[in-house]
Amino acid sequence: MGTLLEGGMILTVDAAQRCFIGDIYVDDHGRIAALGPTGSIAVAGGTRTIDARGCIVCPGFVQVHVHLCQALFRGSAEDRALLPWLNERIWPLEAAHSMSSLRASARLGLAELMLGGTTTCLDMGTLRHTEAIFDAAAVAGMRLFCGKTHMDLGDNGGLYEPLDRSVQDACDLADRYHGAAQGRLHYAFAPRFILSCSEALIRRVADEARRRGCLLHTHSSENPDEVTAVRAATGKDNLFALHDLGLSGKDVVLAHCVWLSEHEKELLARTNTVVAHCPSTNLKLASGVANIPELRSRGVRVGIGADGAPCNNRLSAFTEMRLASLLQKPLHGATAMPATDVLRMMTMGGAEALGISHEVGSLEVGKQADIVVIGTDRPHLRPRVDPTAMLVFAAEAADVRHVMIGGQLRVRDGELTGTSLHDILSDADAALAEVWRRAAVPGLASSW
Ligand SMILES: [Zn+2]
């Protein structure tokens, strides 16, 4: 059965950036079969209709850097810079995940993302049990790129795995999940960051990813102490150290890139490497402000991501869009990072970054129906003037009314379809208690 979304303010994010009040017809294969002015699409009897009058209709958001395994640790690692944040809290907590606690964390994160209009994400998994994330995404209906993290150097609070086992485990996961769930799941090889990985591991992982046509995903140049440590360990600037090991190119997504030399910026542009910009995280961990306007002016491809719940503490595409724009204005002037650019980065930009812009990222005939309908019946969304500015600067995750992924309605009237949010929340509460008990991290207050 097809679906007709009627009468919304459609932001297509196509090449012409068309915006108009109209209808979208989604066929029973889950693709956009037609879009045009209100009443212009003839549909057969029995077509399901969704009233989108007075709503903004836009492409599903594509977040290019998240950690579903950390959704459970929101609030467990406050007021720390990157390295103590990792060492004192995040790594010991991740190391204490069981299959069931990781599943609870993933379901919690996926629920938050989907209720907020995110339809695709690039996730960095954790060392063990990453299949729980894929399985949760398959059930939830998310379009997911994910890979287990590799860490074969140091103890990292219990997150260590020898090289051969780590690579073999990743290859097994890629065999099992890459292309699964009607093509919604994709494997992405994910060495955590250069300081936690041997050179041999990074080379092996880069080879495996390219052999299989998978993305590569890592963290880089988030914090000045990290950059100094990389220089001490490798004798090179971070991006050059990664480049020399095969981690650069159009299939590589580097989260953060806040602290870069001139040569590194040039390298990003020259190699067509993708930057995942994470504005909330860069502020909360006091890492700095990535110079996104400059990178974009050099032609570097940039997407946006909320990163982990403990360093944000939201997974909201709306928060990240708003901040991605506001952050740059005091530094580059009020015309920097206008709403249209930011919305494009969160949709088509993300889809291009992940190599799926022929399938998602804009509302165009033939594409997968990954569509978000946002209500405007709240004071902060009136009067209705510039819909793109409303979306980027004023709207919130709670304004999302309906979310479709591949034509399947995954959020209806602000609620997840086919699953119980109550169960997701109570499973998360129970799982957190279990992880805290196992991790025995000093100083964690009790949850309530
Ligand atoms: Zn991250």
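Just above, that's the structure.
What counts, and where the lines are drawn
Along each chain, the written sequence defines residue order, and numbers are assigned to residues from 1. Totals for whole chains, interfaces and linings use all residues, but because this is a predicted model, local features are given only for residues with pLDDT of at least 70 and pairs of side-chain atoms are given and counted only at 80 or more. Only hydrogens and water are removed before side-chain values are computed, so all heavy atoms of the structure are retained for them. Secondary structure elements follow DSSP: runs of H or I of four or more residues count as helices, runs of E of two or more count as strands, with numbering from the N terminus. Restricting the calculation to C-alpha atoms gives the radius of gyration, and the globule rule supplies 2.2 Å times the number of residues raised to the power 0.38. Note on exposure labels: buried denotes an accessible area under 20% of the residue type's maximum, exposed denotes more than 50%, and partly exposed covers the range between, all computed with a 1.4 Å probe on protein chains only. Two residues form a contact once any of their heavy atoms are found within 4.5 Å. For the accessible areas, the method is Shrake-Rupley and the probe is 1.4 Å, while residue cover comes only from the protein chains on display. Working convention for charge: Lys and Arg count positive, Asp and Glu count negative, and His plus the chain ends are omitted. For charged residues, the charge sits on one atom: NZ in Lys, CZ in Arg, CG in Asp, CD in Glu. Nonpolar core, defined: a set of buried Ala, Val, Leu, Ile, Met, Phe, Trp, Tyr and Cys residues in which side-chain atoms within 4.5 Å join the residues together. Residues qualify for a patch when their relative accessible area is over 30% and they have no salt bridge, like charges being joined within 9 Å and the nonpolar side chains of Val, Leu, Ile, Met, Phe, Trp and Tyr within 5 Å. When a carboxyl oxygen of Asp or Glu is within 4 Å of a side-chain nitrogen of Lys or Arg, the pair counts as a salt bridge. The definition used for a disulfide is geometric: two cysteine sulfur atoms within 2.5 Å. Because no water is among the atoms considered, metal sites can look incomplete, with donors defined as N, O and S atoms within 2.8 Å of the metal, or 3.2 Å for Na, K and Ca. Irregular is the default label, applied whenever a site is not tetrahedral (four donors, all angles between 85 and 135 degrees) and neither square planar nor octahedral (four or six donors, opposite donors over 155 degrees apart, all other angles between 65 and 115). Axis geometry follows a simple rule: fit a line to the C-alpha atoms, using only the stretch in contact for helices, then measure angles between N-to-C directions, giving values from 0 to 180 degrees. Put simply, angles under 35 degrees are roughly parallel, angles over 145 are roughly antiparallel, angles from 65 to 115 are roughly perpendicular, and the rest are oblique. Note on convention: near helix rotated counterclockwise from far helix by under a right angle means a left-handed crossing. Clockwise means right-handed. The nonpolar class holds Ala, Val, Leu, Ile, Met, Phe, Trp, Tyr, Cys and Pro. Asp, Glu, Lys and Arg form the charged class, and all remaining residues, Gly among them, are polar. Pairing between strands is defined by DSSP: at least two bridges between them are needed.

## Description of the overall build of the chain
Okay, so step 1: Across its full length, the chain holds 16 helices and 19 strands.
Okay, so step 2: Relative to its length of 448 residues, the chain is compact, with a C-alpha radius of gyration of 21 Å against a globular reference of 22 Å.
Okay, so step 3: Here the C-alpha coordinates of the chain stretch approximately 65 × 45 × 45 Å along the principal axes.
Okay, so step 4: Looking at the 448 residues of the chain, the share that counts as buried comes to 60%.
Okay, so step 5: The contacts in the chain between residues at least 6 apart in sequence include a share of 72% that link residues at least 24 apart.
Okay, so step 6: Within the structure as shown, the chain displays about 16600 Å² of accessible surface, and the carbon and sulfur contribution to it stands at 52%.
Okay, so step 7: Seen as two clouds, the 43 positive and the 51 negative side-chain charges of the chain have centres 1 Å apart.

## Brief notes about the nonpolar core
Okay, so step 1: In this structure, L144, F189 and L268 are the most contacted members of the largest nonpolar core, which totals 105 residues.
Okay, so step 2: Excluding anything up to four places from it in sequence, L268 contacts L239, L254, C257, L260, T273, V275, L295 and V300.
Okay, so step 3: Formed by 17 residues, the second largest nonpolar core is a distinct cluster that contains I10, F20, L363 and M404.

## As for a nonpolar patch on the surface
Okay, so step 1: Taken together, L283, V289 and L331 make up a surface patch of nonpolar side chains, about 250 Å² in accessible area.
Okay, so step 2: Structurally, the position occupied by L283 is in helix α10 (residues 279–284).

## Remarks on the state of the cysteines
Okay, so step 1: In the structure shown here, the tally under the stated rule is zero disulfides.
Okay, so step 2: Here C69 is not cross-linked by a disulfide; its sulfur's nearest cysteine counterpart is in C146, at 8.6 Å.
Okay, so step 3: With a relative accessible area of 0%, C69 lands in the buried category.
Okay, so step 4: Summary of cysteine pairing: C214 is not part of a disulfide, and the nearest cysteine sulfur, belonging to C171, is at 9.0 Å.
Okay, so step 5: Residue classification places C214 among the buried residues on the basis of a relative accessible area of 3%.

## Notes on the environment of D135
Okay, so step 1: If you trace the backbone, D135 turns up in helix α3 (residues 131–140).
Okay, so step 2: Residues D135 and A190, spaced 55 residues apart in sequence, show a C-alpha to C-alpha distance of 18 Å.
Okay, so step 3: Contact partners of D135, with chain neighbours within four places excluded, come to R176 and Y177.

## Looking at the coordination of the zinc ion
Okay, so step 1: Around the zinc ion, the protein contributes the donor atoms H65 (NE2), H67 (NE2), H219 (NE2) and D307 (OD), at 2.0 to 2.4 Å from the metal centre.
Okay, so step 2: Metal-centred angles of 88 to 177 degrees between the four donor atoms at the zinc ion mark the site as irregular.
Okay, so step 3: In this structure H65 comes out as buried when scored by relative accessible area, which is 0%.
Okay, so step 4: The buried category is assigned to D307, whose relative accessible area is 4%.

## Here we look at the packing of helix α14 (residues 339–353) against helix α15 (residues 387–394)
Okay, so step 1: Contact geometry of α14 with α15 gives a least axis separation of 9 Å together with a crossing angle of 70 degrees. The angle between α14 and α15 places the two elements in the roughly perpendicular class. The interaxial crossing formed by α14 with α15 has left-handed handedness. Here α14 contributes A339, T340, V342 and L343 to the contact with α15, which in turn contributes T388, A389, L391, V392 and F393.

## Describing the packing of helix α12 (residues 317–326) against α14
Okay, so step 1: Close contact between α12 and α14 brings their axes to 9 Å; oriented N to C, the two are set at 135 degrees. The angle between α12 and α14 falls in the class oblique. At the point where α12 passes α14, the crossing takes the right-handed sense. For the pair α12 and α14, contact is made by A317, E320, M321, A324 and S325 and by V342, L343 and M346, respectively.
Okay, so step 2: Partitioned by chemical class, the residues of the contact of α12 with α14 number six nonpolar, one polar and one charged.

## Thoughts on the pairing of strand β6 (residues 61–67)
Okay, so step 1: Of all seven residues that make up β6, seven are buried, and the element is covered over most of its length.
Okay, so step 2: Alignment of β6 against strand β15 (residues 307–308), held across two bridges, turns out to be parallel. Paired with V66 across the two strands is D307, which belongs to β15.

Interpretation in functional terms is not warranted from these geometric data alone.
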